[in-house]
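Examining the three-dimensional arrangement
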Amino acid sequence: MSAGNWLGSLLARIRVGRHRMQDLNRELELHLELEAEEQREAGVPAEESRYAARRALGNAALIAEDVRAVWSMGWWDGMIRDLRYGARTFRKNPGFTTVAALTLALGIGANTAIFSVVESVLLRPLPFTEEHQLVRIYSTKDGVPLTPNGSGVNGGPSTMDMRDFAQSNHTFQQMAVYDTWRKNVSFAGRQGEPQQMWVGLVPGAYFRILGVKPVMGRLFTERESYTGKYYVAAISAQLWRNQFGADPAILGRTIRINDEPYSIVAVMPDVIPEWMEGQPIQIWTPFGFADSRGDVWTETGREGRGWHSLGRMKPGASLQQAQADLATIAAGLAATHPVDRGIGVALETLSETRAHDLRPLLLLLMGAVSLILLIACANLANLLLARNSGRERELAMRAALGANKARFVRQLLAEMLLLSLIGGGLGLLLAEVGVAALTRIHPAGLPQLSSLGLNWRVLMFTLAVSLLTTLLFGLVPALTGTRLNLVEKLKLGSRTTTSGSGAQRMRRALVITEMAMSLMLLIGAGLLVQSMLHLQRQRLGIRQDHLLVGHFYLPGVRYPDSGAITRFCDGFGEKVRALPGVVEASVTTIYPPTYNWTQMLTIEGRPATRVQDVPTARFGVTDAHYLTTMGIPLIRGRDFNESDSLDSSPVALVSQELVRRYFPDKDPIGRRVHIGPPVFMQLPPGTDIMDSSDVTIVGVIGDLRNAGLTSAPEPQILVLYSQHPLVNYGFKDIVIRTTSNPHAIIPQVTRQLHALDADMPFAQVRTMDEVVELETGSQRFTTALLALFAAVGVLLAAVGIYGVVSFLVAQRRQELAVRMALGATRAAALWLVLKQGLAMAAAGAAIGLLGAWTTQKFIRGILFGISPLDPVTFLGGAAFLLAVAAIATAIPGSGVMRLDPAQALRQE
Amino acid sequence: MPTIMAAKNSKTDLLQGTLDMLILRTLLFGPAHGHQIAKHIQRTTDDVLQVEHGSLYPALHRMERKGWIAAKWELSRERNREFKYYRLTPAGRRQLSHEESRWKQVAAAVARVMGPAGEGEI
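Parameters and conventions
- Residues numbered from 1 in each chain as written.
- Chains lettered and ligands numbered in written order.
- Predicted model: local features only at pLDDT ≥ 70, side-chain atom pairs only at ≥ 80, totals over all residues.
- Helix = DSSP H or I, 4+ residues; strand = E, 2+ residues; numbered from the N terminus.
- Buried ≥ 20, exposed ≤ 12 C-beta atoms within 10 Å, placed from the backbone.
- Contact = placed C-beta atoms within 7 Å.
- Pairing = 2+ DSSP bridges.
- Expected span 1.5 Å × (residues − 1).
- Bend = angle between axes of the 7 residues up to and from the residue.
- Axes fitted to C-alpha atoms, helices over the stretch in contact; angles between N-to-C directions.
- Parallel < 35°, antiparallel > 145°, perpendicular 65-115°, else oblique.
- Left-handed = near helix turned anticlockwise from the far one by under 90°.
- Nonpolar A, V, L, I, M, F, W, Y, C, P; charged D, E, K, R; others polar.
- Core = buried A, V, L, I, M, F, W, Y, C linked by C-beta atoms within 7 Å.
- Arc of directions from axis to C-beta.
- pLDDT = per-residue confidence, 0-100.

Quick look at the overall build of chain A
From N to C terminus, chain A includes 28 helices and 22 strands. Buried positions account for 43% of the 908 residues belonging to chain A. A sequence separation of at least 24 residues applies to 83% of the contacts in chain A between residues at least 6 apart.

Below you can see the structure in the form of C-alpha cells.
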C-alpha cells in the first residue's frame, strides 16, 4: 500500500467513524425489534420478548467495539503500537540505528541540498507576473547566436531592428532595448569615495514588461526614456534603505552618476534577480543616456548589436509563434538593409536564460547525488537484510505461534517509517548545513545561487525521497525475508549460521551495485578535476603571475576629449611605474582570457565582397607599455614606442592568428589595414568609427587568449589610444606587473589614482590568477561538489563491503575453524574470506566502468582538454576503488587471523 | 488490541472463515438485511449451527470493508420501513467460490480421516 493511499483511507476512516456507529446502532435496533416480534409470534410474552432478543444478539457493546475496530481506528492503533515497538527495537540496537540513520541522512541530505540548487535555478517561478510570456531576443549571424561568450544577457538586436520588430509583429505586447553600464556613483550628502556600480539604462517599458511597479514615484516617460537629456533616476528599495535610511521624502533628492546630478523619481521593489542582468542593479537611468552620440535611433544604429533585450508575448502566443513571427520580419530586414545581411533572430524564454550554461552542470550533480542515494539505499537494504537474517529465528517463532505475514509486514513498515523519519530529519539538518555552505562558497559567477534556501518545494522533495527510498529499499528486502519456510528456519536456527542463499545473493548484489556506482562517481570526479587543472593551466599567452588588473572610468564631464583622457592615462601609468615594487604598468582596455570588443577590418588590396568574408578581430586599445607589462612575446617587427603619437602615422600590432588567417602567404609588416566595415556595406557617412584612420602593421605578437579559456585565441589587433581619439573612451583598465604579492601594491596604486582625481573609484581590482579563477567559477564549484560526492560514495561503499565481509567472517567461523583444525594455514583461511570481498569489488568495478562508459554523454559537454573515456582515469579509479575495498575487507578479515579453532568449535 | 483487524486469513481462523462463507452463500440468493441473514443461516442449518446474532455484524462490516459485500439502506416493501440491505459484489462472488473449494478440500480430508464406517459423532 502506498503511503498516500494509506493516509487517504486513514483520514476517510476517521471522518466516517461517527456515521458508521450511528448506522450500526440503527441496524442493531432494527434487529432487536424484528427478533422481539418473532419471539412474540412464537408465543413469548411481550415484555420478555425484548430480553430474549437481547440474549440472542449477545453483548451489544462488544459488537459495537468489534465493528468500530473493523472500520476505524483499529488499524491505526495497531500502527501506533508497531511504531512504539519499532522505536523500542531501535533503542535496543543503537549501532544498527545509528549506521542506518546516518547512511540515510547522507543520501537524503546530499539530494536535498542539490535539489535546492535545482529548485532555485530551474524550478522556482520567476518573480514576475505571467513569467512565461517574458522572452529575450537575440540576433544571430548565419544562424549562430551573436551572444558573446555565452553570457546569455547581451547579444540582442540593434535598436533599429528592434523598433521594426516592435512595429510589425503580431505576437508581442511590448519590447524593449536596454543596457547595463558600470558608472561612478556618489550619493548626495555623503562625503567620500564614489563607488563603481552597475547602472541599468532602461526605458520605462523595461519595468512595464516585467510588470514591476514602483514602491513610490513613477516610471520614466517615453520622452525621458529615449532622449538622453532628462537626468532622472530610479533606485532600488534596498539602496533607498541602505543609503537614504528609507527617507519617505526621497523623491526629488539627487544622486551623482559620473559626476552629473540625477533626480530620483522612483523607488523600485527588490524583485529583479541578480542573475537576470548578470549584475546586481540598484540604479536605473533612462536608456537615452546609452545613446551618447545621438544616433542610436537613426539608420546608423541598425548596425550596433549586442544590447540587452526583453519582450512580453501576447497572452496565448507560443514561443514558436513568436519566433516565426520575428524571423519573418528579420528576413525582410536582411533583404532591405545591407548591414542586416545574414542576420536572423532567436528567442529564449527569460526563465530559460536563468539556467543557461548551468543546466548540464546541474544535471550532472543531480545524477551524482542520485547515485549517492542509491548507494545509501543499497547500504540500508543490506543492513536490514543482515538484521532480518539475525531475526529470522524470532520471526519464525512468531509465525509458528500464529502471527501472520500481513501483521509482520506492518511491523516492518512501521519500522521503516520510523527510520525514514529519523533519516529524513537528519538529512534535512545536513542539507541545511550544506546549503549554508553552498551559499557561502558560491562563486561570484553564479548569481543564480544567491537565493538558495530550503523552502516548501524542497521539503516536499525530501519527504517524498525519504519515504520512497526507505519503503522501497526497506520493504523489498523485508518481503523477501518474510518468505519464511518455518520448518527450515527453525531447524537452521538451531545453529548460529543463518541466512538462506537468496538473502546472501541479494546482499552481494547490493554491494556490487554500490561499488559500481561509487566508481562512476570517482571517474566523474577524476575527469572533472583533470579538466579543471587543464583549464587553469591553459596558457593565456601572457605571464600570468605577479599581475594585477584594475578598472577606472573617466567621466565625460571632467574628461571631455581624447586629449584629456590620454593625458590622464599616461600620467597615471607613469606614476604607477614609478612605484617601488612595480616592474611595469600599462593602461589598456584588454586583458585575457575574455575580451569582446570585435571590429571588422578591411585589408588593403584584398577587399571582401560578401559579409561573411569580412575579416574581424578583437580590438584592443592600449598604451606603449602593454607587451612588456603582460609578457606577450614580440615575434617579428617592432613594439609600440613613445615616438608613436597623435602626430605620427597610426601603427598596430597583430597576433599570429590574425596573420595566419588574413595574411596566409605575405609578410604583414608594413601593410595597411582599415579598421571598420568595408565600403560595400554602404554605411552612411560619418558612422564609421575609425573614420580615415588606417593603421600600419609594425609588429606581430604571440597569440593571447581572448575568446574565453575554453576557446582557441581569435585574431587580435592592438592600437594606441593616443593615436585614435574616436575610440579613446573613458573606460580603462590598468595592468601592473609587480615584484612581489600583487595585493600589497593596491593601496599605493589607489593613492596614485586619487592623487590625480580624488573622485575616481578604483574598481574590480584583482590579480590575473583571480581573474582566471572567476572565469572557472562554475566549473570549480561543480568539481568540488562532485569530488565531495565521490568521497561520500566511496565511504558508503566501503562501509557496505565491510559490513558484508564482517558478516561472512562471523558466519564462516565454524567452517574456517574446521578447515584450520584440518591443517589449512591461517593465510589460506584469510584468503578464503578476502577472495569473496575482492570478487564483489572486482565485479562492481567492472560494472562501474561500463556505467561510466555509457553515461559519458552527461559529462562530455563540460570537460575540457580530457576525453570522457580517459583510460588513465578509468583504470586509476578502478584501482583506487579496489584498494579501498581490499582494506575494507582486510579489517574484518583479520579476525580470521586471531581465530582460535579449538575455541570456535567449542562454542558450537 | 482488536484482534479482528489483524487480517486473519481463513487458515488461522477456520470458524470465522466458515461464518463468512455462510453469509456469502446466503447473499447469493439476493440482498438481505442482518436479521434475515441470521434467520436464514439458522433455518437452513436446521438450527445446528447456532450463529450468535451479535457475531454476525462485525463479520458483515468486515466483509463490507473488504469489498465482498455492499450495504445500502433501502425501503422494505413488506414492512414499509428502511433496512440495511447487504448484497454480494463480484469480489464477494469470487471469495465465495474460493471459500467453497477450500471448504470442500477440508471436508474431503476430514471425511478420509474419519473413514466410511464413521460412527457419526458429529
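Considering the overall build of chain B
Counting its regular elements, chain B contains 4 helices and 3 strands. Its helices and strands in sequence order give chain B the pattern α-β-α-α-β-β-α, from N to C terminus. Across the 122 residues in chain B, those meeting the buried criterion constitute 27%. When contacts within chain B are restricted to residue pairs at least 6 apart in sequence, long-range pairs at least 24 apart make up 52% of them.

With respect to unusual backbone geometry
Residues and elements named next belong to chain A. Across the junction of P592 and P593, the peptide omega takes the value 0°, indicating a cis bond. The residue P593 is located in the loop between β13 (582–588) and β14 (598–603) in this model. In this structure, N258 takes a positive phi of about 45° despite not being glycine. Relative to the helices and strands, N258 is located in the loop between β7 (254–257) and β8 (260–268). Positive phi is not limited to glycine here, since H546 has a value of about 50°. Examined against the element boundaries, H546 turns out to sit in the loop between α17 (501–537) and β12 (547–553). According to the C-beta neighbour criterion, H546 is partly exposed, with 19 such atoms within 10 Å.

Remarks on the sheet that holds strand β2 (residues 69–76) of chain B
Residues and elements named next belong to chain B. Taking strand neighbours across the sheet as the criterion, the 3 strands line up as β1-β3-β2 in an open arrangement whose pairing is antiparallel. Only two strands of the sheet have a single partner each, and these edge strands are β1 (32–33) and β2. With 8 bridges joining them, β2 and strand β3 (residues 81–88) adopt antiparallel strand pairing. Bridge pairing in β3 links E74 to F83.

Re helix α27 (residues 871–897) of chain A
Residue and element names in this part refer to chain A. Across its 27 residues, α27 extends 37 Å between first and last C-alpha, which sits within 8% of the 39 Å expected from 1.5 Å per residue. Of all the bends in α27, the greatest, near 40°, is centred on I891, and the proline P892 appears no more than four residues after it. For α27, every residue scored as buried is listed here: T873, F874, G877, A878, L881, A885, A888, T889, P892, G893 and V896.

Remarks on the packing of helix α6 (residues 159–168) of chain A against helix α11 (residues 319–336) of chain A
Residue and element names in this part refer to chain A. Interaxial distance between α6 and α11 falls to 10 Å at its minimum, and their mutual angle equals 130°. Classified by the angle between their axes, α6 and α11 sit oblique to one another. α11 is crossed by α6, and the crossing has right-handed handedness. Contacts from D161, D164, F165 and S168 of α6 reach α11 at L326, I329 and L333. Classifying every residue of the contact of α6 with α11 gives 4 nonpolar, 1 polar and 2 charged.

Some points on the nonpolar core
One broad trend across soluble globular proteins is that nonpolar side chains are buried collectively. All names here are of chain A. One finds I372, M515, L519, F789 and I801 to be the most contacted residues of the largest nonpolar core, which totals 102 residues. Apart from the residues lying within four places of it in its own chain, the contact partners of F789 are A110, A368, V369, I372 and L521. Of all hydrophobic cores here, the second largest spans 59 residues; its members include I137, I250, I264 and L310.

A few points about the pairing of β3(B)
Residue and element names in this part refer to chain B. Here β1 runs beside β3; their pairing, made up of 2 bridges, is antiparallel. Paired with H33 across the bridge in β3 is Y85. The antiparallel pairing of β2 with β3 creates a hairpin that spans 4 residues between the two strands, and N80 there sits at a positive phi of about 55°.

A short note on the packing of helix α23 (residues 777–811) of chain A against helix α25 (residues 826–854) of chain A
Residue and element names in this part refer to chain A. Their axes nearest at 10 Å, the elements α23 and α25 cross at an angle of 150°. The orientation of α23 with respect to α25, classified from their angle, is roughly antiparallel. Here α23 and α25 pass one another in a crossing that is right-handed. Within the contact between the two elements, α23 uses I801, V805, L808 and V809 and α25 uses V833, Q836, G837, M840 and A841.

Observations regarding the environment of B:T89
Residue and element names in this part refer to chain B. Relative to the helices and strands, T89 is located in the loop between β3 and α4 (90–114). By C-beta crowding, T89 is classed as partly exposed, having 17 other C-beta atoms within 10 Å. Once the C-alpha coordinates of T89 and L27 are considered, the two residues, 62 residues apart in sequence, prove to be 9.7 Å apart. When residues no more than four places from it in sequence are discounted, the contact partners of T89 are G67, W68, I69 and A70.

Digging into the environment of A:T588
Residue and element names in this part refer to chain A. On the secondary structure map, T588 appears in strand β13. For T588, a count of 23 C-beta atoms within 10 Å puts it in the buried group. Setting aside residues up to four positions removed in sequence, T588 forms contacts with G620, T622, D623, Y626, D733 and V735.

Concerning the environment of A:T825
Here A:T825 lies in the loop between α24 (813–821) and α25. For the pair A:T825 and A:M897, spaced 72 residues apart in sequence, the C-alpha to C-alpha distance is 9.6 Å.

Things to note about helix α18 (residues 562–577) of chain A
All names here are of chain A. Along its 16 residues, α18 runs 22 Å from first to last C-alpha, staying within 8% of the 22 Å computed at 1.5 Å per residue. I565, T566, F568, C569, F572, G573 and V576 are the residues of α18 that are buried. Burial along α18 is one-sided: seen end-on, the buried residues are contained in an arc of 165°. Elements that come into contact with the buried residues of α18 comprise β13, β21 (731–738) and α21 (746–756).

Points about the pairing of strand β11 (residues 343–349) of chain A
Residues and elements named next belong to chain A. Counting buried positions over the 7 residues of β11 gives 5, a clear majority of the element. Across 7 bridges, the pairing between strand β1 (residues 134–141) and β11 is antiparallel. Residue pairing across strands places T140 opposite G344, the latter belonging to β11.

Some thoughts on the confidence of the model for chain A
Averaged over every residue, the pLDDT of chain A is 83; residues scoring 70 or more account for 88%. Low confidence marks residues 493–498 of chain A, where pLDDT is under 50. Its contacts with residues over four positions away, or in another chain, come to 8 contacts.

Examining the confidence of the model for chain B
Residue and element names in this part refer to chain B. Confidence in the prediction for chain B averages 77 pLDDT; 77% of positions are at 70 or higher. Here residues 1–13 scores under 50 on pLDDT; set against residues more than four positions off or in separate chains, the count is 27 contacts. In the predicted structure, residues 118–122 sits below a pLDDT of 50 and forms 0 contacts with residues beyond four places in sequence or in another chain. Across the predicted assembly, pTM comes out at 0.68 and ipTM at 0.80.

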